[in-house]
Amino acid sequence: VGTDLFQSVELNIVIRLLIGIILAVVISLSKDLFKKPVGFRVSVITAIASTIVSLVGYYAFNESAGIVVAGLLVAIGLITSSIINNHRGDYNGLVNASTIFLSSIVGIACGGGFLFGALIITLLSSGIMFILKTTEKNMITRGYVLNVIVDSKKPILKTLLDILNSNRLVVSNMSSKIVLFERNECVKVKVEFAKSTNKGEIDKILPIIKDEIKPLSITVRNDTYGVID
């Protein structure tokens, strides 16, 4: 069990809660710097909730605190699994879910009085995220990705392929899937361009796509940095 820093229970609760919030902010910001935000508010709210539940277990139930924390972890597991499902199991969904889970663990540690451990976890995870992201930038180079969302009843693959071929754009991969967009069932077509394709070449076909296909949404991003242009 963690150690109380002060004699006042109320002061301990406030201190632990504040530290939990600050560390959650650090974790969320360290990820947001790479323009792949987990949802700043979600991460902080998760940490606050975890800290409070842990505090309740520590002060109110004491010997049964482990059961309270176990129940909390089940709830966090349900939240993170729903995030992964909503992202169809892609990379961003996994990173978002793991960041929220980490925020909850830090909140539990703060609520239980393990403030030094929570600080070390935050510093290590933030440092590791920075190192791995820097390594990824230096070692991995991917091309641009075009995402087009249209009504599910509207066939666009042939038209889109004709536009790409007529402009001599080299495509490395192309896929489509059913998604929910503005509460409607739509088709999302993902076009991955060859590494040699530059942004200017893609910009030329965007007005053509908008005119001939009339998509509900169209975005271009560079997979190396995950940036929407």
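Residues numbered from 1 in each chain as written. Predicted model: local features only at pLDDT ≥ 70, side-chain atom pairs only at ≥ 80, totals over all residues. Heavy atoms only, no water.

### What to know about the pattern of salt bridges
Okay, so step 1: This model, assessed by the stated rule, comprises three salt bridges.
Okay, so step 2: Residue Lys190 pairs with Glu192 through a salt bridge whose shortest N-O separation is 3.9 Å.
Okay, so step 3: Here Glu192 falls in the partly exposed class, since its relative accessible area comes to 22%.
Okay, so step 4: Salt-bridge contacts for Lys199 lead to Asp203; the nearest nitrogen and oxygen are separated by 2.8 Å. One end of the pair, Lys199, and the other, Asp203, are both in helix H7 (residues 199–212), four residues apart, so they sit about a helical turn from each other.
Okay, so step 5: Taking the relative accessible area as the measure of exposure, Asp203 reaches 33% and is therefore partly exposed. (Salt bridge = Lys/Arg side-chain N within 4 Å of Asp/Glu carboxyl O. Buried < 20%, exposed > 50% of the residue type's maximum accessible area, 1.4 Å probe, protein only. Helix = DSSP H or I, 4+ residues; strand = E, 2+ residues; numbered from the N terminus.)

### Some thoughts on a nonpolar patch on the surface
Okay, so step 1: A cluster of nonpolar side chains, contributed by Val14, Leu18, Ile22 and Val26, occupies part of the molecular surface with about 330 Å² of accessible area.
Okay, so step 2: Tracing the chain through its elements places Val26 in helix H1 (residues 9–32). (Patch = residues over 30% accessible without salt bridge, like charges linked within 9 Å, V, L, I, M, F, W, Y side chains within 5 Å. Areas by Shrake-Rupley, 256 points an atom, 1.4 Å probe, with all protein chains shown as cover.)

### Description of the packing of helix H6 (residues 157–166) against H7
Okay, so step 1: In the contact formed by H6 and H7, the axes pass within 11 Å of each other and the chain directions differ by 155 degrees. By the angle class used here, H6 and H7 are roughly antiparallel. Seen from above, H6 lies across H7 with right-handed handedness. Along its contact with H6, which presents Thr159, Leu160, Ile163 and Leu164, the element H7 presents Ile205, Ile208, Ile209 and Glu212.
Okay, so step 2: When the residues that make up the contact of H6 with H7 are grouped by side-chain class, the tally is six nonpolar, one polar and one charged. (Axes fitted to C-alpha atoms, helices over the stretch in contact; angles between N-to-C directions. Parallel < 35°, antiparallel > 145°, perpendicular 65-115°, else oblique. Left-handed = near helix turned anticlockwise from the far one by under 90°. Contact = heavy atoms within 4.5 Å. Nonpolar A, V, L, I, M, F, W, Y, C, P; charged D, E, K, R; others polar.)

### Things to note about unusual backbone geometry
Okay, so step 1: Non-glycine residue Arg168 carries a positive phi angle of around 55 degrees.
Okay, so step 2: With respect to the helices, strands and loops of the structure, Arg168 is situated in the loop between H6 and strand E2 (171–181).
Okay, so step 3: Positive phi values are uncommon outside glycine, yet Glu182 reaches one of about 55 degrees.
Okay, so step 4: Judged by its relative accessible area of 63%, Glu182 falls in the exposed class.

### Details of H6
Okay, so step 1: Among the residues making up H6, those that are buried are Leu160, Ile163 and Leu164. For H6, the buried positions fall inside an angular range of 95 degrees around the axis, keeping them on one side. Residues Lys158, Asn165 and Ser166 are exposed on H6 and point more than 90 degrees away from its buried face.
Okay, so step 2: Against the buried residues of H6 lie E2, strand E3 (184–193) and H7. (Arc of directions from axis to C-beta.)

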